[in-house]
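Inside the fold
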Amino acid sequence: MQIRVQPATRKRTRPGFTLIEALVTSLIVTISVASVVSMWYFAYNMDRLTDDQGVAYNLGRSAIEQVHETGFYDTAEAPVNNPVIYYYDHNEVNQTLTPANAQFKVTVSVVSDKSSGATTGQTWADDALRTVTVTVTRISDGRQLYQTVTYLARDGI
């Protein structure tokens, strides 16, 4: 009597991926691509904000310097409720005549110290001050990017 030994049954292996392997691979690739896109978007927005803040700083400082050059006596009053407004593009070119092309709005308000300020026909007190406030706003979303306050003193004191 001869004993037949059944050969061990082997699974048939075919080259290729199973559906589960393909799904796992696509999930990993999707998460990786989403992460890269998210980092790129974040970096782009940070770069844009930093660039806009740099332009806003330059515009604000330029407005302050213009007021300082004008001086205490020649600087016109521009109260907070009626400030002087300038419009600029991203290259810091004045767009006041065509504000539709502007990207930044610069508001300058100049308020005198009422307790020591002069009215028509009076002279300024020795301790008179004028408060100058400059605010730079991005027009597209109304975000305030820069604000500074300085003082003009009579006789530059």
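Look above for the structure.
Everything numeric in this text was worked out from a predicted model, so none of it was measured. (Residues numbered from 1 in each chain as written. Predicted model: local features only at pLDDT ≥ 70, side-chain atom pairs only at ≥ 80, totals over all residues. Heavy atoms only, no water.)

**What to know about the nonpolar core**
Among the nonpolar cores identified, the biggest contains 20 residues, and Leu59, Phe104, Val106, Val108, Val132, Val134 and Val136 are the most heavily contacted of them. When residues of this core are traced back to their parent elements, those giving at least two are helix H1 (19-70), strand E2 (104-112), strand E3 (129-138) and strand E4 (144-153). Sort the elements by how many residues they give to this core and H1 lands first, with seven residues. (Core = buried A, V, L, I, M, F, W, Y, C linked by side-chain atoms within 4.5 Å. Buried < 20%, exposed > 50% of the residue type's maximum accessible area, 1.4 Å probe, protein only. Helix = DSSP H or I, 4+ residues; strand = E, 2+ residues; numbered from the N terminus.)

**Quick notes on a nonpolar patch on the surface**
Together, Leu19, Ile20, Leu23, Val24 and Ile28 make up an exposed nonpolar region whose accessible area comes to about 520 Å². Examined against the element boundaries, Leu19 turns out to sit in helix H1. (Patch = residues over 30% accessible without salt bridge, like charges linked within 9 Å, V, L, I, M, F, W, Y side chains within 5 Å. Areas by Shrake-Rupley, 256 points an atom, 1.4 Å probe, with all protein chains shown as cover. Salt bridge = Lys/Arg side-chain N within 4 Å of Asp/Glu carboxyl O.)

**Focus on H1**
Under the 1.5 Å per step criterion, the end-to-end length of H1 is 76 Å for 52 residues, consistent within 8% with the ideal 76 Å. Taken together, the buried positions of H1 are occupied by Leu49, Asp52, Val55, Ala56, Leu59, Gly60, Ala63, Ile64 and Val67. Looking at the buried side of H1, the elements it contacts are strand E1 (84-88), E2, E3 and E4. After H1 finishes, the residue Gly71 shows a positive phi value of roughly 90°. (Expected span 1.5 Å × (residues − 1). Contact = heavy atoms within 4.5 Å.)

**A few points about the layout of surface pockets**
One number sums up the size of the largest pocket: a volume of about 170 Å³. Mapped onto the lining of the largest pocket, the elements with two or more residues apiece are H1, E1 and E2. Looking at which element gives the most residues to the lining of the largest pocket, the answer is H1, with four residues. Along the lines of polarity and charge, the residues of the lining of the largest pocket split into eight nonpolar, three polar and one charged. (1 Å grid on protein atoms, 1.4 Å probe; cavity = no way out; pocket = protein on both sides within 12 Å on 5 of 7 lines; lining within 4 Å. Points joined across faces, edges and corners; volume = space filled by probe spheres on them. Nonpolar A, V, L, I, M, F, W, Y, C, P; charged D, E, K, R; others polar.)

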